[in-house]
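Fold and contact review
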Amino acid sequence: QSDTPRRVTAFGTWLTPEPALALENAVEALRMSGERFTLNLTTLAGRAIEATGRPIGGKAIVRLRELTGVRRELAEQIHRQRKAIEEAEMLHGFFATLPWPVWIRHADGKLGFANAAYARATEAAKPDDAIERGLELLGQNDRETISATIARGEPFHARLPAVVGGNRRIFDVNAAPICDGTAAVAIDVTENADLRGAVKRMAEAHHRTLDELPTAVAIFDNERRLTFCNQSYRHLWNLDPVFLDGKPTDSAVLDRLRAAR
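Since the structure is predicted, the reported quantities are computational estimates derived from the model, not experimental observations. (Residues numbered from 1 in each chain as written. Predicted model: local features only at pLDDT ≥ 70, side-chain atom pairs only at ≥ 80, totals over all residues. Heavy atoms only, no water.)

A closer look at the side chain of Ser232
Tracing the sequence through the fold places Ser232 in helix H8 (residues 231-237). Within polar-contact distance, the side chain of Ser232 engages the backbone oxygen of Leu213 at 2.7 Å. (Helix = DSSP H or I, 4+ residues; strand = E, 2+ residues; numbered from the N terminus. Polar contact = N/O pair within 3.5 Å; in protein donor to acceptor, adjacent residues only side chain to side chain.)

Written out as structure tokens, the structure reads:
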């Protein structure tokens, strides 16, 4: 077609934006200063293309050739590696901004990556400092438990303690096997754990208070099952403790009382 040369030089019509920009810059450098280039590109249609640029006789010559055989496999492998590196860099950039400690271990157990939150939690000057010194957030026993779980090919999740800044903190730790290593994140849930503990202690205190009342008290949940009864209630009806501990319904309690007349 008559417009084929024009369409070929419109790199954005058959290449993704990044390779198109790289080719445009290479062509411009070739035209302006005679810089040679060789680029392996993948078209929107998935074809492997080799683009070469050379100054010949005062002209800028660009040649596009579809790769086949071994050269195509090599170009595709390079493309996959480049894409994997870009994705890894994006993930590392994302992990670096998270407010929770994130770390990655190699197969030998050594730290390979740590974000700024991990560095702060381990009192390191910066992430590289934490990696070089092998600073650990979790205790040895917890690390061994995580390693044993990962060795079975299973993800790990547990609530674990750690000392941060001289204070005991509680973390929800999630770890998973990746390639030949391990990736993990620890989310600080100390406030939630403290609140849950306070509520539990308050409930236990209320139960103790109710248990000491001379009046019989029984509490049933929304499914009408017994969730609590004090000593006065137990003594009043002289019901079997095992039966009461089984959380019977109020109907079952009445049936037991009727049977006992």
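Topic: the environment of Ala176
With respect to the element layout, Ala176 can be found in strand S7 (residues 167-178). Of the residues examined, Ala176 reaches a relative accessible area of 29% and is grouped as partly exposed. A sequence separation of 57 residues divides Ala176 from Tyr233, and the C-alpha atoms of the two residues are 50 Å apart. (Buried < 20%, exposed > 50% of the residue type's maximum accessible area, 1.4 Å probe, protein only.)

Concerning the sheet that holds strand S1 (residues 37-42)
A sheet is described by the order of its strands in space; here three strands give the open sequence S1-S2-S3, paired in antiparallel fashion. Where the open sheet ends on each side, the last strands, each with one partner, are S1 and strand S3 (59-66). Across the sheet, the axes of successive neighbouring strands diverge by a mean angle of 20°, strand direction being ignored. With eight bridges joining them, strand S2 (residues 48-56) and S3 adopt antiparallel strand pairing. Paired with Ile56 across the two strands is Lys59, which belongs to S3. Contacts from helix H2 (residues 17-33) reach S1, S2 and S3 within the one sheet, and its direction differs from that of S1 by about 160°. (Pairing = 2+ DSSP bridges. Axes fitted to C-alpha atoms, helices over the stretch in contact; angles between N-to-C directions. Contact = heavy atoms within 4.5 Å.)

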